[in-house]
Amino acid sequence: MGLPPDPRRAYSYRHRASGEWAHPLHAGPLEDALHTYAEPAWERIGPAICAQPRGPGPGLRPWRVLAIGFGRGFEGVALLRLLAQHAPQARVDFTGLEPDLAALEPWPPRWPQLGPAEAPWWGAPEGVHRQGSVTVEVVAQRAAAWLSAHPDFGLDLVFLDLFSPGHAPEDWEPGLWSGLAGAVAPGAGLVDRADRGLL
């Protein structure tokens, strides 16, 4: 099956009410995810993961990453590539929250730059997917509800990839920031399009 006529549009998707695009259309979604999310995140937590690949702190729990606005998972692919390159033995639990799975339909053919083992969630994201020592769980739930159910979870990294507040105020619901404050570990990183840095 060949690529759609305009891959940048086909692999992004639009907010169903406002029409806002999930990804900028001047670049492919994987390139955008790498430069906007994964590389800034790796600058912050990469050295710590390389130093302690089995997990942070006492008890050696896995490193914990949360993607709010998982979409088709390109941020996950980009981060997993950095992990495979720099810390292939790292134990990571990656949770992706995507409340509107219907907005992703229909799924296009697999992005041609994906390796055969990458993005095992492609086309059927909800559930648990394993890639080496990394576990990816995609949950069809809004962030505030998930965070309220996971207080003191110990998140080490958060990707915040939501539609803009003006176009999707429902994504920026009460409880988002307070829930994040309770769920992150000390020194956790938050990366969004504004690259906000450490929590």
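Our subject is the structure listed above.
Residues numbered from 1 in each chain as written. Predicted model: local features only at pLDDT ≥ 70, side-chain atom pairs only at ≥ 80, totals over all residues. Heavy atoms only, no water.

1. A word on the overall build of the protein
What counts, and what does not: Helix numbering and strand numbering both begin at the N terminus, where a helix is a DSSP run of H or I of at least 4 residues and a strand a DSSP run of E of at least 2. For each residue, the accessible area found with a 1.4 Å probe, counting protein chains only, is set against the maximum for its type, and the residue is called buried under 20%, exposed over 50%, and partly exposed in between. We call two residues in contact when some of their heavy atoms are within 4.5 Å. Accessible surface is estimated by sampling points in the Shrake-Rupley manner with a 1.4 Å probe; for residues, cover comes only from the protein chains shown.
When you go through the protein residue by residue, the secondary structure sums to 5 helices and 7 strands. Overall, the protein shows an N-to-C arrangement of helices and strands of α-α-β-α-β-β-β-α-β-α-β-β. Of all 199 residues assigned to the protein, the portion counted as buried reaches 49%. Within the protein, counting contacts between residues at least 6 apart in sequence, those at least 24 apart form 72% of the total. Entry remark: accessible area of the protein is about 9,200 Å², with carbon and sulfur atoms responsible for 55%.

2. Here we look at the pairing of strand S3 (residues 127–131)
Note the following rule: In this analysis, strands are considered paired if DSSP registers two or more bridges between them.
Two elements, S3 and strand S4 (residues 134–139), share 5 bridges in a ladder whose sense is antiparallel. Across the sheet, residue Gly-127 finds its bridge partner in S4, namely Val-138. The loop that links S3 with its antiparallel partner S4 comprises 2 residues; one of these, Gly-132, has a positive phi angle of about 65°.

3. Some points on the environment of Leu-80
With respect to the helices and strands, the residue Leu-80 is situated in helix H3 (residues 74–86). Since its relative accessible area comes to 7%, Leu-80 is described here as buried. Separated by 39 residues in the primary sequence, Leu-80 and Ala-119 have C-alpha atoms spaced 9.5 Å apart. Each residue touching Leu-80, except ones within four places of it in the same chain, is listed here: Gln-131, Val-134 and Val-136.

4. Things to note about the side chain of Arg-64
Put simply, the test is: In this tally, Lys and Arg are treated as positive and Asp and Glu as negative; His is ignored, and so are the chain termini. For salt bridges, the criterion is a side-chain nitrogen of Lys or Arg within 4 Å of an Asp or Glu carboxyl oxygen.
Along the chain, Arg-64 falls in strand S1 (residues 63–68). The buried charged residue Arg-64 lacks any salt bridge partner; its closest oppositely charged side chain belongs to Asp-93, at an N-O distance of 4.8 Å. In contact with Arg-64, not counting residues within four places along its chain, are Asp-93, Phe-153, Gly-154, Leu-155, Asp-156 and Leu-157.

5. Quick notes on the nonpolar core
Note the cut-off: We call a set of buried Ala, Val, Leu, Ile, Met, Phe, Trp, Tyr and Cys residues a nonpolar core when their side-chain atoms join them within 4.5 Å.
Counting residues in hydrophobic clusters, the biggest one holds 37 residues, and the most contacted among them are Ile-49, Leu-79, Leu-83, Phe-94, Val-136, Leu-157 and Phe-159. The set of elements that each furnish at least two residues to this core consists of helix H2 (29–51), S1, H3, strand S2 (92–97), S4 and strand S5 (155–160). Among the elements that make up this core, the one with the highest residue count is H2 (8 residues). Apart from residues no more than four positions distant in its own chain, Ile-49 is found in contact with Trp-42, Trp-63, Leu-83, Ala-87 and Ala-90.

6. Some thoughts on the packing of aromatic side chains
The following threshold applies: Ring pairs shown here join Phe, Tyr and Trp side chains whose ring centres sit within 6.5 Å, with only the six-membered ring taken for Trp; geometry is labelled stacked below 30 degrees between planes, edge-to-face above 60, and tilted in between. Both a distance and an angle decide whether a charge sits over a ring: NZ of Lys or CZ of Arg must be within 6 Å of the ring centre and within 35 degrees of the ring normal.
Evaluation of the coordinates by the stated rule reveals 9 aromatic pairs. Summarising the aromatic geometry, the rings of Phe-74 and Trp-122 are spaced 5.8 Å apart at their centres and angled 75° between planes, so their arrangement reads as edge-to-face. In this pair, Phe-74 is assigned in helix H3 and Trp-122 in the loop between S2 and S3, connecting sequence segments 48 residues apart. Pair check on accessibility: Phe-74 and Trp-122 agree, each one buried. Members of the aromatic cluster, each reached through a chain of ring pairs, are Tyr-37, Phe-70, Phe-94, Trp-121 and Phe-159. Against the face of Phe-153 rests Arg-64, its NZ or CZ located 4.7 Å from the ring centre. Sitting above the plane of the Trp-107 ring, Arg-72 keeps its charged end 5.3 Å from the centroid.

7. Digging into H3
Applicable threshold: Given a helix with a known number of residues, its expected span is that number minus one, times 1.5 Å.
The end-to-end C-alpha distance of H3, which contains 13 residues, comes to 19 Å, matching closely the 18 Å that a straight helix rising 1.5 Å per residue would cover. When we look at burial in H3, the residues that qualify are Phe-74, Glu-75, Gly-76, Val-77, Ala-78, Leu-79, Leu-80, Leu-82 and Leu-83.

8. Examining helix H5 (residues 176–183)
Put simply, the rule reads: This arc describes the spread of directions from the helix axis toward the C-beta atoms.
Here H5 has its buried residues at Leu-176, Gly-179, Leu-180 and Ala-183. Seen from one end, H5 has its buried residues packed into an arc of 100°, which puts them on one side. Pointing more than 90 degrees away from the buried face of H5 are the exposed residues Ser-178 and Ala-181.

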